[in-house]
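So the chains spell out like this:
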Amino acid sequence: MAAQNTFDVAVIGAGVFGAWTAWHLAKRGKRVVLLDAYGAANARASSAGETRIIRMGYGGDEIYTRWSRHSLDLWKELFTATRQPLFHETGVLWLAGDDDKRLSETHATLTHVGVPFQEMDRPALLSAYPQVNFEGIKRGILEAHSGVLMARRAVATAVADAVSRGVDYRIAKVETPTSSGRLASIRTNTGETLSAGTFVFACGSWLGKVFPDLLGSRIFPTRQEVFFFGVPAGDTRFAVHSLPAWLFQDDEFYGMPDIEDRGLKIAWDHHGEAVDPDTQSRIVSPAMTEKTRKYVAYRFPALKDAPIVETRVCQYENTSNGDFLVDRHPQMENVWLVGGGSGHGFKHGPAMGEYVTGQVLGSAPAEPRLSLATKATAQHRAVY
Ligand SMILES: Cc1cc2nc3c(=O)[nH]c(=O)nc-3n(C[C@H](O)[C@H](O)[C@H](O)COP(=O)(O)OP(=O)(O)OC[C@H]3O[C@@H](n4cnc5c(N)ncnc54)[C@H](O)[C@@H]3O)c2cc1C
């Protein structure tokens, strides 16, 4: 029987944003096709990798605190319904040095929104986590109920659940559409044509390649390297209940405990060089290896000689300031641009999918911060 090729909505990109968009649209009764060039949370995608932090703290950016809290509820519902325990409640620890402005803003926002957290002064930090060198750190905020999502598997689970709700999921690369007014159909690189009423391009780092004139200078894919350090045999000081996920913005490093016995994960959050997500090398660089090794030895002295047991190279898909992008294509009224996760988008997948669905169906107000008009061609990172 010939495949059905006419849909209410075609979602292009099965990363965390596209997967949850397809899921919400299917829940609202829409006929949806979900397409990905390489597969859901494939090794090149930003949603790949084993783990992602989900935290509520966002300084004064309350919208993301609210989205994160809502998303965690939806993630948990999905994991319960599918019997996939893919959230670890490790807690998330924010750390501040002399400049604790962002921590104070986070304190105020979490209080206002009603997210529980615990203030930790230096003596409390030293006593709770003796395996960490807190030099230069003055205070912290512990979000005890935040933690870590098993990223790649969580996206696969969302896609599988979307399929069980009727979504047609296919591996196919979609060609750049050229039209004005309404777009009637898209073509894949194998020559197939698919028609839909609405098209959602949730292409992550590829948005600038799919729409070079419009987004080539507005989405900044940057190289990010991730390291896993093997913990000493029999040592549980870096296990899930001994160490939370943590972020120390002054150092621009973040990390998480030894989850599923893969080692202590650590990465430099600073934006790396500009890259092409199709072709960039996935082998870590000697310079970043050295930098990360030194940092681990400094902050986690017991891991001074720990072996690197795994590495990953990924890319952030940054907008000019870190706010997400959800807007109509200015020349194609039924084409939506969705992305700009900017190194912090994973946790928000469920809320993002719900928001996009509301926009596509015209049933929810638009958030001005996510508009295309706010996406500049020069970077000033402010949201993370
Ligand atoms: C190292 C690293 C650490 C991170 N840590 C965190 C964290 O701790 N917490 C957090 O919340 N976020 C984190 N993030 C950010 C988060 O992972 C991303 O913001 C999020 O995954 C982006 O999802 P996406 O769906 O927009 O993009 P992607 O996952 O990249 O998905 C886009 C998809 O589109 C497909 N595609 C592209 N072009 C086409 C086409 N023409 N046709 C068909 N398919 C196409 C691609 O194959 C890809 O699968 C991190 C990111 C990285 C790289």
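You'll find the structure just up there.
Here the structure is a predicted model, which means the values were calculated and not measured.

The rules behind each value
- Residues numbered from 1 in each chain as written.
- Predicted model: local features only at pLDDT ≥ 70, side-chain atom pairs only at ≥ 80, totals over all residues.
- Heavy atoms only, no water.
- Pairing = 2+ DSSP bridges.
- Helix = DSSP H or I, 4+ residues; strand = E, 2+ residues; numbered from the N terminus.
- Axes fitted to C-alpha atoms, helices over the stretch in contact; angles between N-to-C directions.
- Disulfide = S-S within 2.5 Å.
- Buried < 20%, exposed > 50% of the residue type's maximum accessible area, 1.4 Å probe, protein only.
- Parallel < 35°, antiparallel > 145°, perpendicular 65-115°, else oblique.
- Left-handed = near helix turned anticlockwise from the far one by under 90°.
- Contact = heavy atoms within 4.5 Å.
- Near = heavy atom within 4 Å.
- Polar contact = N/O pair within 3.5 Å; in protein donor to acceptor, adjacent residues only side chain to side chain.
- Areas by Shrake-Rupley, 256 points an atom, 1.4 Å probe, with all protein chains shown as cover.
- Phe/Tyr/Trp six-rings, centres within 6.5 Å; stacked < 30°, edge-to-face > 60°.
- Lys NZ or Arg CZ within 6 Å of the ring centre and 35° of its normal.
- Expected span 1.5 Å × (residues − 1).

J.: Is there a simple way to explain the sheet that holds strand β14 (residues 253–256) in this structure?
T.: Two strands in a sheet stick together by hydrogen bonds in their backbones, pointing the same way (parallel) or opposite ways (antiparallel). Ordered in space as β6-β7-β5-β13-β14-β15-β12-β16, the eight strands form an open sheet in which the pairing is mixed. Both outer strands of the open sheet, β6 (118–121) and β16 (308–318), are each paired with one neighbouring strand and no more. Neighbour-to-neighbour, the strand axes of this sheet turn through a mean angle of 20 degrees, independent of strand direction. As judged from the four bridges shared by β14 and strand β15 (residues 264–268), these two strands associate in the antiparallel manner. By the bridge assignment, Met256 is partnered in β15 with Lys265.

J.: I tried to follow the state of the cysteines on my own but got confused; where do I start?
T.: Chemically, a disulfide is nothing more than a covalent bond linking the sulfur atoms of two cysteines. Throughout the structure, instances matching the rule amount to zero disulfides. There is no disulfide at Cys203, and the cysteine sulfur nearest it, in Cys314, is 16 Å away. Judged by relative accessible area, Cys203 falls into the buried class, the value being 10%.

J.: Looking at this model, I keep getting lost on the packing of helix α2 (residues 62–82) against helix α3 (residues 101–113). Mind explaining?
T.: When two helices pack together, their arrangement is given by the angle between the helix axes and by the axis-to-axis distance. Interaxial distance between α2 and α3 falls to 10 Å at its minimum, and their mutual angle equals 55 degrees. One way to sum up the angle between α2 and α3 is to call them oblique. Note on packing geometry: the crossing formed by α2 with α3 is right-handed. In this structure, α2 uses Glu62, Thr65, Arg66 and Arg69 to contact α3, whose residues at the interface are Thr109, Leu110, His112 and Val113.

J.: Just checking my understanding: could you explain the site of the ligand for this structure?
T.: Taken together, 35 residues lie around the ligand, and Asp36, Ser47, Ile53, Cys314 and Lys347 are the ones closest in. Residue Val16 places a main-chain N or O atom 3.2 Å away from an oxygen atom belonging to the ligand. Between the ligand and the protein, one listed contact pairs an oxygen atom with a backbone N or O atom of Ser46 at 2.9 Å. Relative to its free-state accessible area of 1000 Å², the ligand is covered by the protein chains to the extent of 98%. Of all elements in the fold, only α1 (16–27), β3 (51–54) and β16 reach the threshold of two or more residues within the shell around the ligand. For the shell around the ligand, the element with the highest residue contribution is β16, accounting for four residues.

J.: Would you explain the packing of aromatic side chains in this entry?
T.: The way to describe two aromatic rings as a pair is by their centre distance and the angle between their planes. Scanning the entire structure with this criterion turns up 17 aromatic pairs. The interplanar angle of 25 degrees and the centroid separation of 6.4 Å between the aromatic rings of Trp246 and Tyr295 together place this pair among those described as stacked. A residue pair is termed long-range when its members are at least 10 positions apart, and Trp246 in strand β13 (residues 245–248) and Tyr295 in helix α8 (residues 286–299) qualify at 49 residues. Taken as a pair, Trp246 and Tyr295 share a single burial class, namely buried. When the centroid spacing of 4.0 Å and the interplanar angle of 10 degrees are considered together, the rings of Phe253 and Tyr295 count as stacked. On the criterion of sequence distance, the pair formed by Phe253 in strand β14 and Tyr295 in helix α8 is long-range, its members being 42 residues apart. Through a chain of ring-to-ring contacts, three or more aromatic side chains come together here, namely Phe238, Trp246, Phe253, Trp268, Tyr295, Tyr298 and Phe300. Of note, Arg44 hangs over the ring of Tyr38, and the distance from its end group to the ring centre comes to 4.1 Å.

J.: For this particular structure, what's the right way to read helix α9 (residues 349–360)?
T.: An α-helical turn contains 3.6 residues, so a residue and the one three or four places further along point in the same direction. A rise of 1.5 Å per residue sets the reference length of α9, with its 12 residues, at 16 Å; its end C-alpha atoms lie 16 Å apart and thus fit the reference within 8%. With 11 of its 12 residues buried, α9 lies for the most part within the structure. Of all the residues in α9, the buried ones are Gly349, Pro350, Ala351, Met352, Gly353, Tyr355, Val356, Thr357, Gly358, Gln359 and Val360. Where the residues of α9 are buried, they touch β1 (6–12), α1, α2, β11 (193–201), β17 (325–328) and β18 (335–339). After α9 finishes, the residue Gly362 shows a positive phi value of roughly 70 degrees.

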